[in-house]
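# Survey of secondary and tertiary structure
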Amino acid sequence: MKKKVLIIGGGFGGCASAHILSKNKSLDVTLVEKNKYLGAGVRTLFYGGHPYTFGPRHFLTHNKKIFDYLNKHVPMRKCSEHQFITYVERDNKFYNYPLHENDIKQMPDKNIIKRELKKKKLFKIKSSKNLEEYWINSFGKTLYSKTIDLYNKKMWMVDDNKKIDTFNWSPKGATIKQGPRAAWDKAISAYPIKKNGYNDFFDKVFKTKTKVILNAKLSVSNLKAKKFKINGKSHKFDIVISTISPDFFHNYKLGELGFIGRDFHKIVFPTEHVFPKNIYFLYYANDEKFTRLVEYKKFTKHKSKTSLIGIEFPSKNGKYYPLPFKKEIKKAQKYLKAFPSWYFSIGRAGTYRYEVDIDDSIEQALEIENIIKNNKYKNAMPIEKWWKL
Ligand SMILES: Cc1cc2nc3c(=O)[nH]c(=O)nc-3n(C[C@H](O)[C@H](O)[C@H](O)COP(=O)(O)OP(=O)(O)OC[C@H]3O[C@@H](n4cnc5c(N)ncnc54)[C@H](O)[C@@H]3O)c2cc1C
C-alpha cells in the first residue's frame, strides 16, 4: 500500500517537496495551500508590465547540486556581478554592503574608526552576549552606531539591540572584508531567465502526481493518530512535511512563536534604470521606516523605458522572519522536538530559522527524500543540522 504524504504550504519548500516526492511510486502525495496560488512571496506578479516578487528572492547558493536541480526546472541566468550598497545618512554616502575596507578610507571619521578597529583584537567577539556587543566588539562604536544600530532596531522592531541575543545570522559578517566578500562572492548568484520568474517551478507541481488543494483550510484533528482536517473533512496521513510555524500543530500550548512581517510597496520610476550599474539592492541603515529597495530589472533584464522598485517595510503583517531571540528559538525547538519521527518541519517558518533561504528549502526537500527512501526516520529531529541554536 502507498504511504500517504501531506505537504503543508505551497511555497518553495512545499513545491520542491512535491516535485521530489511525487516521483516516488510508493508515495501518494497531497499538498495543501491556504492561498489560491502556489509560490507564496516568490511568485512573480506584474505591475505596469514589470515582473516583481515580494522582496528580492534572489537565488544564492554554495551548493552546485541545488543550482543544477533548480536550473533544470526553471533555466537560470547567473548574475555574479551583483552588488549591494547601503546608504549611511550621517556621511551622506553609499558604501558597500557588507562594508569593505576601502569604504573606511572614504569616511569622514576614518581616524576614529581605525583606532577602534585596532582595539578589536582585545575583545572576545564570539562570547558577546547580544547583537550590540557583538558588533561593537567586531568593529567599534562608530561603525556600529552609523551602520548597524538603527537598521537592526527597525528590522527586528526592537527599541534596544541588546534584546537580540543571537547574531550568527547577522548578514554583514564579523569583520570588515578585505578583498572579495568571502561568503557571497564565492556563491552561485542567479535568477530565472523567463519573465515569469520561478512560476513554472510552482505551476509544474500540477503536472506531477501530487493532489493540490488550494484555498485549503487546515486543522489538526489528532496529531498522534495522524489525522488532519482539510476543508472540514478528516484525512489520515503517514508522513507530514510542513512549511508553516510549528506552534500551530501544538495548539500554541507554549505560546505563539514571534515573527516579524513585511509590508511591501512598489513604485514605477520614469527612467530606464534607477540604481547604478550592477547595484541590485539598496539597504538603508538610518531612521527611514524601510529596510531594503530592489530594482527588479537588474534580475529580470527585461526591456522597458521605466523601472519598478520594490520597498520593504518591517511590520506585524505575516510570519516571515523568525525572531533572533534565544527564548523564542528554544521555544521553537521544544515544539519541534515534540513532533513524531514521521513529521518533518522545513522551510523558514517550519524550522524557525531566518537563515533558511530558497536553496536551503530545496536542500531540505532532497534530504527528506533520502530519509524516506532509506527508511531512516529518527525521533523528532530528522534533519538536525537545521535546528542548531
Ligand atoms: C521579503 C522576503 C524576501 C526574501 N528574499 C529572499 C532572497 O532574495 N533569496 C532567498 O534565497 N530567499 C529569500 N527569502 C526567503 C525565501 O524566499 C524562503 O525561505 C523560501 O522561499 C522558503 O519558503 P518556505 O517554503 O519555507 O515558506 P513560504 O514561502 O512562506 O511558504 C509557506 C506557504 O504556506 C502557506 N500556508 C501558511 N499557513 C498555511 C496553512 N495553515 N495551511 C496551508 N497553507 C499554509 C503560505 O500561504 C505559503 O504559501 C525571502 C523572504 C522574505 C520574507
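Residues numbered from 1 in each chain as written. Predicted model: local features only at pLDDT ≥ 70, side-chain atom pairs only at ≥ 80, totals over all residues. Heavy atoms only, no water.

## Thoughts on the overall build of the protein chain
We apply this condition: For helices the rule is a DSSP run of H or I covering at least 4 residues; for strands it is a run of E covering at least 2, with both sets numbered from the N terminus onward. To get the radius of gyration, use the C-alpha atoms; to get the globule rule, take the number of residues to the power 0.38 and multiply by 2.2 Å. Categorising residues by exposure relies on relative accessible area from a 1.4 Å probe, with only protein chains included: less than 20% of the type maximum marks a residue as buried, more than 50% marks it as exposed, and the intermediate range marks it as partly exposed. The contact criterion used is simple: two residues touch if any of their non-hydrogen atoms lie within 4.5 Å. Surface accessibility in these figures is a Shrake-Rupley result with a 1.4 Å probe; residues are shielded only by whichever protein chains are displayed. A positive count includes Lys and Arg, and a negative count includes Asp and Glu. His and the chain ends are not counted in either. Where a charge lies is defined by one atom per residue type, namely NZ (Lys), CZ (Arg), CG (Asp) and CD (Glu).
Broken down by element type, the protein chain carries 11 helices and 20 strands. Relative to its length of 389 residues, the protein chain is compact, with a C-alpha radius of gyration of 22 Å against a globular reference of 21 Å. Across its three principal axes, the protein chain shows a C-alpha extent of roughly 70 × 50 × 35 Å. Counting across all 389 residues of the protein chain, residues that qualify as buried make up 55%. Here the analysis covers contacts within the protein chain between residues at least 6 apart in sequence; of these, 71% occur between residues at least 24 apart. Split by element, the accessible area of the protein chain, about 18,800 Å² in all, is 53% carbon and sulfur. Taken together, the 76 basic and 37 acidic charged side chains of the protein chain have centroids lying 5 Å from each other.

## Some details on the pairing of strand β1 (residues 3-8)
Rule in force here: A pair of strands is treated as paired once DSSP finds two or more bridges between them.
Pairing of β1 with strand β2 (residues 27-32), which is carried by 6 bridges, proceeds in the parallel orientation. Residue pairing for β2: Leu 6 is matched across the bridge by Thr 30. Bridging between β1 and strand β14 (residues 239-242) involves 4 bridges; their strand directions are parallel. Across the sheet, Val 5 pairs through a bridge with Ile 239, a residue of β14.

## Some details on the sheet that holds strand β10 (residues 211-213)
Stated formally: Simply put, an axis is a line fit to the C-alpha atoms, just over the touching stretch for a helix, and the angle between two N-to-C directions goes from 0 to 180 degrees.
What the 5 strands build is an open sheet, ordered β10-β2-β1-β14-β20; its pairing is parallel. What marks the edges here is a single partner per strand, and that holds for β10 and β20 (343-345). The sheet shows a mean angle of 15 degrees between the axes of neighbouring strands, taken without regard to direction. Note that β2 and β10 share 3 bridges and pair parallel. For Val 32, the partnering residue across the bridge sits in β10 and is Ile 213. Of the strands in this sheet, β1, β2 and β14 are in contact with helix α1 (residues 12-21), which crosses β2 at around 160 degrees.

## Describing a positive patch on the surface
Here is the rule: Without a salt bridge and with relative accessible area above 30%, a residue can belong to a patch; like charges are then joined within 9 Å and nonpolar side chains (Val, Leu, Ile, Met, Phe, Trp, Tyr) within 5 Å. Whenever a carboxyl oxygen of Asp or Glu lies within 4 Å of a side-chain nitrogen of Lys or Arg, that contact is scored as a salt bridge.
Together, Lys 93, Lys 105, Lys 110, Lys 114 and Lys 118 make up a positively charged patch on the protein surface. Among the elements that make up the positive patch, the one with the highest residue count is helix α4 (residues 110-119) (3 residues). Mapped onto the elements, Lys 110 comes out in helix α4. What makes Lys 110 partly exposed here is its relative accessible area of 31%.

## Considering a nonpolar patch on the surface
Among the surface-exposed residues, Ile 267, Phe 269 and Val 274 lie close enough to one another that they form a single nonpolar patch of about 200 Å² accessible area. Under the relative-accessibility criterion, Val 274 is labelled partly exposed at 32%.

## Describing the nonpolar core
Filter applied, for reference: By nonpolar core is meant a set of buried Ala, Val, Leu, Ile, Met, Phe, Trp, Tyr and Cys residues that side-chain atoms within 4.5 Å join together.
Core analysis: the biggest nonpolar cluster contains 83 residues, and Phe 12, Phe 59, Leu 70, Trp 156, Tyr 198, Phe 201 and Ile 362 have the highest contact counts within it. The biggest single contributor to this core is helix α5 (residues 131-156), with 10 residues. Leaving out residues up to four positions away in the same chain, Phe 59 has contacts with Ile 66, Phe 67, Leu 70, Met 76, Ile 188, Ser 189, Ala 190, Tyr 198, Ile 358, Asp 359 and Ile 362. Val 32, Phe 228, Val 240 and Tyr 343 belong to the second largest nonpolar core, which has 15 residues in total.

## Topic: the sheet that holds strand β13 (residues 233-236)
The strand order across the open sheet built from 3 strands is β11-β12-β13, with neighbouring strands paired in antiparallel fashion. Each edge of the sheet is formed by a strand with only one pairing partner; in this case those strands are β11 (218-222) and β13. Direction aside, neighbouring strands of the sheet carry axes that sit 35 degrees apart on average.

## A closer look at the domain arrangement of the protein chain
To keep things clear, this is the line we draw: These domain boundaries are the output of an automatic or database domain assignment. Here's the idea: put two parts together, see how much 1.4 Å probe accessible area each one loses, and the total over both is what we call buried area.
Splitting the protein chain by domain gives domain 1 (3-43 + 198-257 + 322-386) and domain 2 (99-180). The centre of domain 1, based on its C-alpha atoms, is set 36 Å off from the matching centre of domain 2. Both faces considered, domain 1 and domain 2 share a buried interface measuring about 770 Å² in area, 72% of it formed by carbon and sulfur atoms. Among the residues of domain 1 in contact with domain 2, Pro 324, Phe 325 and Tyr 354 are the three that bury the most area, contributing 65% of the side total.

## Some words on the environment of Ala 285
Considering the arrangement of structural elements, one finds Ala 285 in the loop between β16 (279-284) and β17 (292-295). For the pair Ala 285 and Val 88, spaced 197 residues apart in the sequence, the C-alpha separation amounts to 5.9 Å. Ignoring any residue separated from it by four or fewer positions in sequence, one finds Ala 285 in contact with Thr 86, Tyr 87, Lys 146, Thr 147, Leu 150 and Tyr 151.

## Re the environment of Lys 126
As for its placement among the helices and strands, Lys 126 is situated in the loop between α4 and α5. In this structure, the C-alpha to C-alpha distance between Lys 126 and Leu 282, residues 156 residues apart in sequence, is 28 Å.

## Things to note about the site of the ligand
Threshold: Whether a residue is near a molecule or strand is decided by its heavy atoms; if any one of them lies within 4 Å of it, the residue is near. A 3.5 Å cut-off defines polar contacts: any pair of N or O atoms within that distance qualifies, except that in protein one atom must be a possible hydrogen donor and the other a possible acceptor, and neighbouring residues in sequence count only when both atoms are side-chain atoms.
Looking at the ligand, there are 27 residues lining it, with Gly 13, Glu 33, Arg 57, His 58 and Val 356 nearest. Within the backbone of Lys 34, one N or O atom sits 3.1 Å away from a nitrogen atom of the ligand. Protein contact buries 89% of the 1,000 Å² of open area that the ligand shows by itself. Counting only elements with at least two residues in the shell around the ligand, the list comes to α1, α10 (347-351) and α11 (358-373).

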